[in-house]
Structure formats: C-alpha cells, structure tokens
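If you want the building blocks of each chain, they are given just below.
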Amino acid sequence: MDMMLTDSKIHNETRQGEAFAPFEQDSNIYTKRFYIESYGCQMNFSDSEIVASILQNEGFGATRNFEEADLVLLNTCSIREKAEQTVRKRLQAFRQVKQQRPGMLIGVLGCMAERLKSKLLEEEKLVDMVVGPDAYRTLPGLIEEAETGQKAVNVLLSREETYADISPVRLGSNGVTAFISIMRGCNNMCSFCVVPFTRGRERSRDAHSIIQEARDLYEQGFREVTLLGQNVDSYYWHDENTNKPVTFAMLLEMVALVHPNLRIRFSTSHPKDITDDVLFTMAKYENICNYIHLPVQSGNTRILQIMNRTYTREWYMSKVDRIREIIPDCGISSDIIAGFCSETEEEHQDTLSIMDYSRYDYSYMFFYSERPGTLAARRYPDDVPLDVKKRRLQEIVDKQYHLSLVSNQQDVGKTFKVLIEGESKKSEDEWMGRNSQNKVIVFPKDNTNLQPGSYAWVKVHQCNKATLIGTRIDQPE
Ligand code: SAH
Ligand code: SF4
Ligand code: F3S
C-alpha cells in the first residue's frame, strides 16, 4: 500500500511540470527558455513563481517541454526520503537529454539543495547549479557562472529575505486561486522535521506588500488567496510607520478587507500558536474561509513530547473544541505521522481515537521517515519496523476515509456558496469548485453565465468520500 491520501494536495511530491500559461503568447521576446518542476509543499510551488519572475527579468521564457529548455530547474523537497528519491529519478531522466544537448544547464533548487549543498554536485555529476531557498536573487549570476562551465552554488540562508518586492509569475494558474507567501523559515524544532535546517529562521514579510499582492490578484480576476507559511499563526511584523506590530489576526483582517468577494485561506497553523483572536477574526469575516489545517502528528502525549510539538493530547482536543465553539461549521484537516520512534500499539490507538474526536475532513498521512541531522535522528532510534509503520498508516488512512465519507454525508441536503475553479475533470458539462470548508463540489453547468471565478449557490444531493455533488440553486434568503 502506498499513502493514497497523502501525496495528492499540499505535500505533493510527484506533481510535475506545471503549466506556464501567463507569458507564452509573448514568447518571441525571450531569447532563452527555462523549464521548472516543483516538488513538496505549497511554499515550494510559491517559490517557483518567484524564480520564474527573476528569470523572466533575465530574458528567460518558460517552456512546458524540458527537451527544448536551455535551463532545467527542479525545485526540490527533503521532507521524507521518498521525496528525495523522486527527484533523483527525475535527474536521471534529464541526464539523458543533457547527453544530447550538453549546453543545457540543470539546476537543483529548494530544500534538497539546501540540505545536501555541494555534496549534491559530487553525487549528481550532471547538475550545474545548486541554489538554496534564500538565494534565488543570485540566480542570474549563478547562471552566468554555470554557462562558463563552472559549478555554481549558493546555499546561504538569510534572516531577512522574504522576496517581498518580487511579483510572482503565476505558474500553472487557474486564474482563480493563488498563493501568497507571508513568511519564511521555521523556528520550531519538531524533532522529526528537516524544514528548520532547509529553510532557516522564521521571518515575516512586510504586511503592506502582502496586501498589495492581494489587491493586484483581485484586480487580475483572482478570487481566492491562500496565505502561506510553515507556521502562519506566528506571523509578526513591525510596522515602522505606525510603530505598531501586525499579528496574524490583524493581517487576516487586512486581507479580508481587500474585497468581500476575495476569499482568504491560510496554511499551516501550529496548534500551539493559533489564537482566539484568529478564530474570532475568521468568524467575523464571511470571506475568510471556515477551514483550518491543524496538524496533530500524533494523538499520544508521550509521542508528542518526544516529537517536540509542545502540546499534549488534551491541549490539542481543547483547541478543537474552541474552534468548533467559535466557528461551528469549521472544516478541520490534519497531518499525521505513523510509527514515530518508540511508538507502541497503544500510542498508535491514541492517534486513531484523536482522529475520531477531531472528526477531520481530510488528512495528509505519512509513515515516519528519519531525516539526517534532525533531533530525532540524533536522539531516538528509528525502531518501529517498516511493516508495522505501514500497517499503522493503513489503519490511519482507513479511518480517515471513513471520517471523510461521514463528514461529506452530513453535508447532503445542505446548501453552500461555491467558488468555481474550473470545469470538472470528469465532465465538461459540470463545474468544479470549493465551499468555504475547502470541500470539492461538482454541479451541472446548466444555462447560466457562470465562469471560473464566479460564486454559485449549490445544494448537495449526493457525495462520495472525496467530492460533494449538487445542483445550482438561486441564492437563498
Ligand atoms: N509546518 C507544518 C508542516 C510542514 S511538513 C506544520 O508544522 O504542521 C508537512 C508534514 O510532513 C508535517 O506536518 C508532518 O506530518 C510530515 N513530516 C515532516 N517530517 C516528516 C518525517 N521525517 N517523516 C514523515 N513525515 C514527516
Ligand atoms: Fe517542521 Fe515543526 Fe516547523 Fe512544521 S512547525 S515546519 S513540522 S519544525
Ligand atoms: Fe519539502 Fe521544503 Fe516544503 S522540505 S515540505 S519543500 S519546506
């Protein structure tokens, strides 16, 4: 069994070669071509849009076909071993193309670049550039260096870099939903996690530049923004003009005020940092979606402690209670790790029972993968056998399938405001969109003037575990 539910949305390590619609039409103004593939979390996808912007300024146009690219970039993820293996396989495919076209440059960006640094050049001989997540501004110089046949490396991490002034080129966009990166890095030290090493210290982006980006997106026709950070609730930016701090709750409110028709989502919330202020702000603004990604990782207090998550089982449960109290119809999703070091069968049962308690609509589920250099790798033996990890993961996946189905069944008969993202994959006669709780809804187009970016009211009459199926109705009173 593989992690069926895991690699489909945020932590999608296999999603490849996104589309490059925005500037193909003026392709003749570009003298060179780049191709980029992104792996890992939404932040990596968002970073690729920064990279595209930097390259565009250097005269590089995007291509969807790596065989015609002068520059091939892989924006990589290190979160689990499998993520790195996927990238290595991909590099092998590029190697063959490079043998025919030696002038083509291959660059590794992102977290694997940061973790392995110049070791990557020794291990993967045909890689020309290794560029860490805080060094993308130096890409033009690095490309020049690589063009002269030198190996180019910049993996310096920064305490300040937020790329606030760079306007991302939206790659593979549906024209309706977009990411806005609001902070970088992570100051938590979850013992299993490589991110603090690959992304560096936490820093928050200038709030005004975030609002401006949201406004620009709205004007371009976008109707939903997702504010991104490893730990968005610890967003904190000091406004020198007013001499006042901006907290995440304040930022949410500022973005909500950009336009009532612009939906706002955010990810990820660390349970220890999400405040009542944030919950009340969500409740106050209709356009802030009622959906929280609140990774639990484990339902057992001892495991949470050695994971260094800094909350207990009870504390997490009371956070879920608080969310349901302040935002009764809030969707909640989670990340869960099966088989962390020394986890017993009973402790695993605690994870299953906290899933029931939290009634997750969705989860990203993984088995523990030891990452070199992390606290867990140094301190705790990776001692749960692989077959046990996989079996526990399967139990977690089965539980989640059941919870997702039950949650969707409870929505049958309800009416939701849906933001249309595009045509349904299964039928060109149907629209696909999401409700505030982030659930996918499909419904027949009928003969209305709706289009991607429109809102529609949809009454649900059927569901499966992944999708709600409904029909459009007039706006309820
Ligand atoms: N910042 C986010 C998570 C980022 S990583 C947060 O704190 O919630 C995304 C998810 O990958 C994590 O939530 C965790 O469930 C999983 N993950 C991280 N390191 C892992 C590892 N070594 N093995 C398995 N899963 C891991
Ligand atoms: Fe990793 Fe923990 Fe930071 Fe999330 S909060 S990125 S899991 S260290
Ligand atoms: Fe992966 Fe780096 Fe994101 S390790 S999950 S791409 S921050």
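Residues numbered from 1 in each chain as written. Chains lettered and ligands numbered in written order. Predicted model: local features only at pLDDT ≥ 70, side-chain atom pairs only at ≥ 80, totals over all residues. Heavy atoms only, no water.

Caption draft 1: Geometry of the overall build of the protein. Looking only at helices and strands, one finds 14 helices and 21 strands in the protein. Its C-alpha atoms give the protein a radius of gyration of 22 Å, near enough to 23 Å, the size a compact globule of 477 residues would have. Projected onto its principal axes, the C-alpha positions of the protein cover 65 × 55 × 50 Å. Within the protein, counting contacts between residues at least 6 apart in sequence, those at least 24 apart form 72% of the total. Taken as a whole, the protein presents about 20,100 Å² of accessible surface, with 49% of it coming from carbon and sulfur. With 58 positive and 68 negative side-chain charges, the protein shows a separation of 2 Å between the mean positions of the two kinds. (Helix = DSSP H or I, 4+ residues; strand = E, 2+ residues; numbered from the N terminus. Rg over C-alpha atoms; globule rule 2.2 N^0.38 Å. Contact = heavy atoms within 4.5 Å. Areas by Shrake-Rupley, 256 points an atom, 1.4 Å probe, with all protein chains shown as cover. Lys, Arg positive; Asp, Glu negative; His and termini not counted. Charge placed at Lys NZ, Arg CZ, Asp CG, Glu CD.)

Caption draft 2: Region of interest: the site of ligand 3. Close contacts around ligand 3 come from C41, N44, T76, C77, S78, I79, C111, V195, R199 and Q230, and that covers them all. Here the shell around ligand 3 is composed, by residue class, of five nonpolar, four polar and one charged. Residue assignment places the shell around ligand 3 across two domains, with domain 1 (18–154) and domain 2 (177–408) each supplying three or more. (Near = heavy atom within 4 Å. Nonpolar A, V, L, I, M, F, W, Y, C, P; charged D, E, K, R; others polar. Domains from an automatic or database assignment.)

Caption draft 3: Broad picture of the packing of aromatic side chains. The full count for this structure, using the stated rule, is ten aromatic pairs. Measuring from ring centre to ring centre gives 6.3 Å for F192 and F340, while their planes differ by 80 degrees; the resulting arrangement is edge-to-face. Of the two residues, F192 sits in the loop between β8 (183–184) and α6 (195–199) while F340 sits in the loop between β15 (331–338) and α12 (345–358), which places them 148 residues apart along the sequence. An aromatic cluster of three or more residues is present, and its members are Y35, F66 and F94. We note R80 situated over the ring of F366; from NZ or CZ to the ring centre the distance is 3.7 Å. The ring of Y218 has R223 lying over it, and the distance from NZ or CZ to the ring centre is 4.0 Å. (Phe/Tyr/Trp six-rings, centres within 6.5 Å; stacked < 30°, edge-to-face > 60°. Lys NZ or Arg CZ within 6 Å of the ring centre and 35° of its normal.)

Caption draft 4: Structural view of the nonpolar core. Grouped together as the largest cluster of nonpolar side chains are 56 residues, with contacts concentrated most on I182, L227, Y235, F248, L251, F266 and M282. Not counting chain neighbours up to four residues away, the residues in contact with F248 comprise I182, L227, V232, D233, Y235, F266 and V278. Counting 26 residues, the second largest nonpolar core, distinct from the first, contains F34, M129, A135 and Y136. (Core = buried A, V, L, I, M, F, W, Y, C linked by side-chain atoms within 4.5 Å. Buried < 20%, exposed > 50% of the residue type's maximum accessible area, 1.4 Å probe, protein only.)

Caption draft 5: Spotlight on the sheet that holds β15. Across the sheet, three strands lie side by side as β14-β15-β16; this open sheet has parallel pairing. The strands lining the two open edges of the sheet, one partner per strand, are β14 (291–293) and β16 (362–367). The sheet shows a mean angle of 10 degrees between the axes of neighbouring strands, direction not considered. (Pairing = 2+ DSSP bridges. Axes fitted to C-alpha atoms, helices over the stretch in contact; angles between N-to-C directions.)

Caption draft 6: Highlighting the pattern of salt bridges. Counted according to the given criterion, the structure contains 37 salt bridges. Of the charged contacts in the structure, one is a salt bridge between K414 and D411, with a shortest N-O distance of 3.3 Å. Assessed through its relative accessible area of 8%, D411 is described here as buried. Here the salt bridges share partners, and the residues they tie into one network are D47, D134, R184, R199 and R203. (Salt bridge = Lys/Arg side-chain N within 4 Å of Asp/Glu carboxyl O.)

Caption draft 7: Looking closely at the site of ligand 2. By nearness alone, every residue bordering ligand 2 is listed as C186, N188, C190, F192, C193, V195, P196, Q230, H270 and R309. Residues of the shell around ligand 2, tallied by class, amount to six nonpolar, three polar and one charged.

Caption draft 8: Local environment of the side chain of S334. Position of S334 relative to the elements: it lies in strand β15. Dropping the residues within four chain positions of it, S334 is found in contact with H293, L294, P295, V296, Y316, Y360, Y362, S363 and Y364.

Caption draft 9: The arrangement of helix α9 (residues 276–284) in detail. Of the positions making up α9, those classed as buried are V278, L279, T281 and M282. Axial view of α9: buried residues confined to an arc of 160 degrees, hence all on one face. Relative to its buried face, α9 has exposed residues pointing more than 90 degrees away, namely D277 and K284. (Arc of directions from axis to C-beta.)

Caption draft 10: Molecular detail of the domain arrangement of the protein. If you check the domain split of the protein, you get domain 1 (18–154), domain 2 (177–408) and domain 3 (415–473). Listed per partner, the contact involves 20 residues of domain 2 and 18 residues of domain 3. In total, about 1,500 Å² of surface goes out of reach between domain 2 and domain 3, with carbon and sulfur atoms giving 49% of it. Viewed at the interface, domain 3 and domain 2 are joined by two salt bridges. (Buried area = accessible area lost by both parts, 1.4 Å probe.)

Caption draft 11: Molecular detail of the packing of helix α7 (residues 207–219) against helix α8 (residues 248–256). The contact between α7 and α8 brings their axes to 9 Å, and the two run at 30 degrees. If you check the angle between α7 and α8, you find them roughly parallel. In this structure, the crossing between α7 and α8 has a hand that is right-handed. Along the contact surface, α7 presents A207, I210, I211 and A214, while α8 presents L251, M254 and V255. Residues of the contact of α7 with α8, tallied by class, amount to seven nonpolar, no polar and no charged. (Parallel < 35°, antiparallel > 145°, perpendicular 65-115°, else oblique. Left-handed = near helix turned anticlockwise from the far one by under 90°.)

Caption draft 12: Inspection of the packing of helix α11 (residues 313–326) against α12 at higher detail. Put simply, α11 and α12 touch, their axes get as near as 10 Å, and they point 15 degrees apart. It follows that α11 is roughly parallel to α12 by the angle criterion. As for how α11 packs across α12, the hand of that crossing is right-handed. Between α11 and α12, the residues in contact are R313, Y316, M317, V320, D321 and R324 and D350, S353, I354, Y357 and S358, respectively. Here the contact of α11 with α12 is composed, by residue class, of five nonpolar, two polar and four charged.

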